Amino acid sequence: MATDIKDTARAVGAAAVMRLLPARPRLLALGEPTHGEDTLLDLRNELFRQLVEEEGYQTITIESDCLMGLVVDDYVTSGTGTLDEVMEHGFSHGWGTSTANRELVRWMRAYNDGRPASEQLRFAGFDGPLEITGAASPRQALTALHGYLSTRVDADLLPCTGETLDRLLGADDRWTDPAAMMDPARSVGQSAEADRLRLLADDLVALLDAQAPQLITATPRDDWDRARLYGRTATGLLRYHHWMAHTSPSRMTRLVGLRDQMMAHNLLALAERGPTLIHAHNGHLQRAKSTMRMGGMPLEWWSAGALVSARLGEEYAFVATALGTIRHQGVDTPPPDTVEGLLYALPEDRCVIDAPRLATALGDTPPAPRVSPWFGYSPLDPAHLAAIDGIVFVKDVPQIGTDVPQI
């Protein structure tokens, strides 16, 4: 069996990944089992550079706020703002402090400089405007969508005025109260104003769709795409806030599922643009059903990757990253009877593994699941191997601050 596993290992690179797939996918998902390690982001950067140069990929999207990501895209395509401003205002979840993310943005801007728009690289966030402590106000998305339509369609077709939206939205801190995540009574998501806003958002999105033939030809394609993003985000946020105010036992299951559903809708829109590299946690990209415990309660839902894979088939590919050690987080050498332990025994520090072939080599008795001593790291589930197209294995993740090659 060890020989079979070694036979599946290849040096990490775009060519090795593509050899695992039947054809170039529109969406190539590279997962990571933990966040905050620039070593993994540097590897992502290098893979994206190779995909650009060798496979014609032009877009990268990461697990970050989709509206904030527009700031990054404006910078890499047209130089709007400064790099410091972009890193501060273009990322959510603390991603803007990452040296590797900064290097990615710098490289994309340098690559695009002097190139025509059709050849430029693009950046996108595909997460909703959501944080662990709650969700954003729907104001930005709703008002931007209304503003786009109000300057392009007859006024009598609009379901409301901008003033009406402003009155119904009220103060933004009503929507962003962090106490609402644990206390439904603190959420405004089922207030009369929120219910009215959901109907108006639905009408605005329907109007955008109904006027598509005119809008697509009369305005730049990027403007149309952004209007659709505002519509998806407005309706998704209002739906999320509605369930934040719910008191049923399924409340948290619905919330985690809605987040991945918003992610999936953004990814499907990016698939229309062309070949895209996705980078996010393995749990958001896997085809198998996602599970976790929150507040002692087991949750199950379909991830963004599962939803997108169901729609795109072979045009979606998922490559999971697996790790040997993260010693500075207490994750030491993996037990030899786990998937990570078997891969750790290989001579390579980094390699690409054919996951379905590995699953076949392991036979009917999969290895034992690895148990992480640190909550921030999620080992591979051996039962999911056959549903993964490939594995990028990194033997050791050094502490941040080591000398790591960057693009």
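Since we're looking at a predicted model, the values are computed, not measured.

Novice: I tried to follow the side chain of glutamine 50 on my own but got confused; where do I start?
Specialist: Note that glutamine 50 resides in helix α3 (residues 38-55). Using a relative accessible area of 14% as the deciding quantity, one classes glutamine 50 as buried. With sequence-adjacent residues up to four places away left out, glutamine 50 is seen in contact with Gly13, Ala14 and Glu55.

Novice: Just checking my understanding: could you explain the environment of tryptophan 107 for this structure?
Specialist: Among the secondary structure elements, tryptophan 107 is positioned in helix α6 (residues 99-112). Owing to a relative accessible area of 11%, tryptophan 107 belongs among the buried residues under this scheme. Tryptophan 107 sits 62 residues away from asparagine 45 along the chain, and the two C-alpha atoms are 9.3 Å apart.

Novice: Quick question: what am I supposed to make of the sheet that holds strand β9 (residues 316-325) here?
Specialist: Strands pair in a sheet through their backbones, by hydrogen bonds, and they do so in one of two ways: parallel or antiparallel. Here seven strands make up an open sheet; going across it, the order is β3-β2-β6-β1-β9-β11-β10 and the pairing mixed. One side of each edge strand has no neighbouring strand; the edge strands of this open sheet are β3 (122-127) and β10 (350-353). Neighbour-to-neighbour, the strand axes of the sheet open up by a mean angle of 25°, direction not taken into account. Relative to β3, strand β2 (residues 59-65) is paired through five bridges, and the arrangement is parallel. From the neighbouring strand, isoleucine 62 faces β3, where its bridge partner is glycine 125. The sheet contacts of helix α12 (residues 251-273) involve β1 (27-32), β2, β3 and β6 (276-281), and relative to β3 the element is tilted by about 155°. Here helix α14 (residues 304-312) sits on the sheet and contacts β1 and β9; the angle it forms with β9, its principal contact strand, is near 145°.

Novice: Is there a simple way to think about the packing of aromatic side chains in this case?
Specialist: The relative placement of two aromatic rings is captured by the distance of their centres and the angle of their planes. Across all of its chains, the model carries four aromatic pairs by this definition. When the centroid spacing of 5.6 Å and the interplanar angle of 65° are considered together, the rings of phenylalanine 91 and phenylalanine 123 count as edge-to-face. One end of the pair, phenylalanine 91, is in the loop between α5 (83-89) and α6; the other, phenylalanine 123, is in strand β3, and 32 residues separate them in sequence. According to the relative accessible area criterion, phenylalanine 91 is buried, its value standing at 6%. With centroids separated by 6.0 Å and ring planes inclined at 65°, the aromatic side chains of tryptophan 374 and phenylalanine 375 adopt a geometry described as edge-to-face. Take tryptophan 374: its relative accessible area is 17%, and that puts it in the buried class. By relative accessible area, which is 80% here, phenylalanine 375 ends up exposed. The cationic tip of arginine 115 hangs over the ring face of tyrosine 111; the distance from NZ or CZ to the ring centre is 3.8 Å.

Novice: Would you mind showing me how to read α6 here?
Specialist: Along its 14 residues, α6 runs 20 Å from first to last C-alpha, staying within 8% of the 20 Å computed at 1.5 Å per residue. Buried residues along α6 sit against α3, β2, α4 (69-78), α5 and β3. Where α6 begins, the capping side chain belongs to serine 98, and its oxygen is found 3.2 Å from the backbone nitrogen of alanine 100. Once α6 finishes, glycine 114 follows within two positions and takes phi at roughly 85°, a positive value.

Novice: What's the story with the nonpolar core in this structure? I'm lost.
Specialist: Within soluble globular proteins, side chains that are nonpolar generally end up buried alongside one another. Residues Leu28, Phe48, Val105, Met108 and Phe123 are the most contacted members of the largest nonpolar core, which totals 44 residues. Here this core gets seven residues from one element, more than from any other, and that element is α3. Once residues lying within four places of it in the same chain are set aside, the contact partners of leucine 28 are Val17, Met18, Leu21, Leu51, Tyr57, Thr276, Leu277, Ile278, Ala317 and Val319. Ranked by size, the runner-up nonpolar core spans 37 residues in total, among them Ala320, Leu343, Leu346 and Ala355.

Novice: Would you mind going over the side chain of threonine 321 with me for this structure?
Specialist: Along the chain, threonine 321 turns up in strand β9. Exposure remark for threonine 321: the relative accessible area of 5% places this residue in the buried category. There is a polar contact of 2.6 Å between the side chain of threonine 321 and the backbone oxygen of glycine 31. If near-sequence neighbours (up to four positions away) are discounted, threonine 321 is found in contact with Leu30, Gly31, Glu32, Pro33, Leu40, Asn282, Val392 and Val394.

Criteria and cut-off values
Each chain has its residues counted from 1, running along the sequence as written. In view of the model being predicted, local features appear only for residues whose pLDDT reaches at least 70, and side-chain atom pairs are presented and counted only at 80 or more, with totals across whole chains, interfaces and linings using the full set of residues. The side-chain figures draw on all heavy atoms in the structure; neither hydrogens nor water molecules are used. Under the scheme used here, helices are H or I runs from DSSP no shorter than 4 residues and strands are E runs no shorter than 2 residues, and both carry numbers assigned from the N terminus. Note on exposure labels: buried denotes an accessible area under 20% of the residue type's maximum, exposed denotes more than 50%, and partly exposed covers the range between, all computed with a 1.4 Å probe on protein chains only. The contact definition used throughout considers only heavy atoms, calling two residues in contact when any of these lie within 4.5 Å. By definition, two strands form a pair when at least two bridges between them are found by DSSP. Only the stretch in contact is used when a helix axis is fitted, and all axes are lines through C-alpha atoms; the angle between N-to-C directions ranges over 0 to 180 degrees. Two rings from Phe, Tyr or Trp (for Trp, the six-membered ring) form a pair when their centres are within 6.5 Å of each other. A pair whose planes differ by under 30 degrees is stacked, one over 60 is edge-to-face, and the rest are tilted. Remark: a charge is flagged as sitting over a ring if the NZ atom of Lys or the CZ atom of Arg is within 6 Å of the ring centre and within 35 degrees of the ring normal. A helix's residues, less one, multiplied by 1.5 Å, set its expected span. Between N or O atoms, a polar contact is any pair within 3.5 Å; within protein, one atom must be a potential hydrogen donor and the other a potential acceptor, and residues adjacent in sequence are included only when both atoms are from side chains. In these notes, a set of buried Ala, Val, Leu, Ile, Met, Phe, Trp, Tyr and Cys residues joined through side-chain atoms within 4.5 Å is what counts as a nonpolar core.

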